[in-house]
Amino acid sequence: MVVVIIIFSILSTFSIALLITDILIPSPNLTMFTVLSFAVTIIGWMFISYHLLNKKRRFLFLQKIEHLDRSNEKLNNLFVLLDFIEGNETNLEVVKSALNGIYFSPSSMRKHPEKAKKKELYNLLIEYYLTLTKDKYKDNFVWDYNINFFTWRCIGLTSTIGLIGIGILSLCYNYIPHPNDVLYTALYFFFGTLLVPLIAKFFGHII
């Protein structure tokens, strides 16, 4: 992952250099190359954020699990699935019984837990943990409302980048003579897409 971050840091610097060049010396071919470069860069950084946030999410979850009482019957299914993920539980009937005790677990996972990916099981386990403990984000848990990967920290990051990008583009458009309209429109679109997670959360959970 360190190598990927270095690659996209270089690509980001390259994209900004292309943008400055295209604003000062407009060219249709350079515009297309700049837009493509920014598209790849944005997708790459979102992938990196997704990977790092999920890694931290699992780490914090495992830290919290260490403080739970295994003898608590209410948490039995939780620990059975955790043991299965870590390879300490090999009895599939016990695992299936635990999955049947989680009402929102997918039917395909209940029938064939051995075919489920570890990442999917972790997501299910974290969601189940939240329903049992009512843990909150203020307790330093990377908490999301449902099984998806747009945590509030990711939303904060993407929204900040999107707003800063739109602000810089607006200043450049108003103060640099003869702007390249095609380039600006494309970049407005790219930075605007970074606000989609925030809008989706707002309409999905606040209204």
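To keep things clear, this report deals only with the structure shown in the data block.

How each quantity is defined
- Residues numbered from 1 in each chain as written.
- Predicted model: local features only at pLDDT ≥ 70, side-chain atom pairs only at ≥ 80, totals over all residues.
- Heavy atoms only, no water.
- Helix = DSSP H or I, 4+ residues; strand = E, 2+ residues; numbered from the N terminus.
- Buried < 20%, exposed > 50% of the residue type's maximum accessible area, 1.4 Å probe, protein only.
- Contact = heavy atoms within 4.5 Å.
- Areas by Shrake-Rupley, 256 points an atom, 1.4 Å probe, with all protein chains shown as cover.
- Axes fitted to C-alpha atoms, helices over the stretch in contact; angles between N-to-C directions.
- Parallel < 35°, antiparallel > 145°, perpendicular 65-115°, else oblique.
- Nonpolar A, V, L, I, M, F, W, Y, C, P; charged D, E, K, R; others polar.
- Core = buried A, V, L, I, M, F, W, Y, C linked by side-chain atoms within 4.5 Å.
- Patch = residues over 30% accessible without salt bridge, like charges linked within 9 Å, V, L, I, M, F, W, Y side chains within 5 Å.
- Salt bridge = Lys/Arg side-chain N within 4 Å of Asp/Glu carboxyl O.
- Arc of directions from axis to C-beta.
- Polar contact = N/O pair within 3.5 Å; in protein donor to acceptor, adjacent residues only side chain to side chain.

## Points about the overall build of the protein
At step 1: The number of helices and strands found in the protein is 9 helices and 0 strands.
At step 2: The 207 residues of the protein split such that 39% are buried.
At step 3: Excluding contacts between residues fewer than 6 apart, the proportion of contacts in the protein whose partners are at least 24 apart in sequence is 58%.
At step 4: Just so you have it, the protein exposes about 12,400 Å², and 67% of that area is on carbon and sulfur atoms.

## Brief notes about the packing of helix 2 (residues 28-65) against helix 8 (residues 181-193)
Helix-helix packing is described using two parameters, namely the angle between the two axes and the distance between the axes.
At step 1: Put simply, helix 2 and helix 8 touch, their axes get as near as 10 Å, and they point 10° apart. In terms of orientation, helix 2 and helix 8 fall into the roughly parallel class. In this structure, helix 2 contributes T31, T34, V35, F38, A39 and I42 to the contact, and helix 8 contributes V182, L183, A186, L187, F190 and F191.
At step 2: Grouping the constituent residues of the contact of helix 2 with helix 8 by class yields 10 nonpolar, 2 polar and no charged.

## Some words on the side chain of S37
At step 1: Tracing the sequence through the fold places S37 in helix 2.
At step 2: We classify S37 as buried; its relative accessible area is 8%.
At step 3: Beyond its immediate chain neighbours, meaning those up to four positions away, S37 contacts L11, F14, S15 and L18.

## Let's talk about the nonpolar core
At step 1: With 25 residues, the main nonpolar core has F61, I65, L78, L81 and L125 as its most contacted residues.
At step 2: Counting residues per element, the ones that place at least two in this core are helix 2, helix 3 (76-85), helix 4 (92-100) and helix 6 (118-133).
At step 3: The greatest single-element share of this core, amounting to 9 residues, is contributed by helix 6.
At step 4: By size, the runner-up hydrophobic cluster in this structure holds 15 residues, among which are I23, L183, A186 and F191.

## Comments concerning a nonpolar patch on the surface
At step 1: Side chains of I16, I20, L24 and I25 sit close together on the surface and give an oily, nonpolar patch of about 420 Å² of accessible area.
At step 2: Relative to the assigned elements, I25 resides in the loop between helix 1 (2-24) and helix 2.

## Focus on helix 4
At step 1: Of the positions making up helix 4, those classed as buried are V95, A98 and L99. The arc that holds the buried residues of helix 4, viewed along the axis, is 100°, so those residues lie on one side.
At step 2: Packing partners of the buried residues in helix 4 comprise helix 3, helix 5 (107-111) and helix 6.
At step 3: The opening residue of helix 4 is N91, an N-cap whose side-chain oxygen sits 3.0 Å from the backbone nitrogen of E93.

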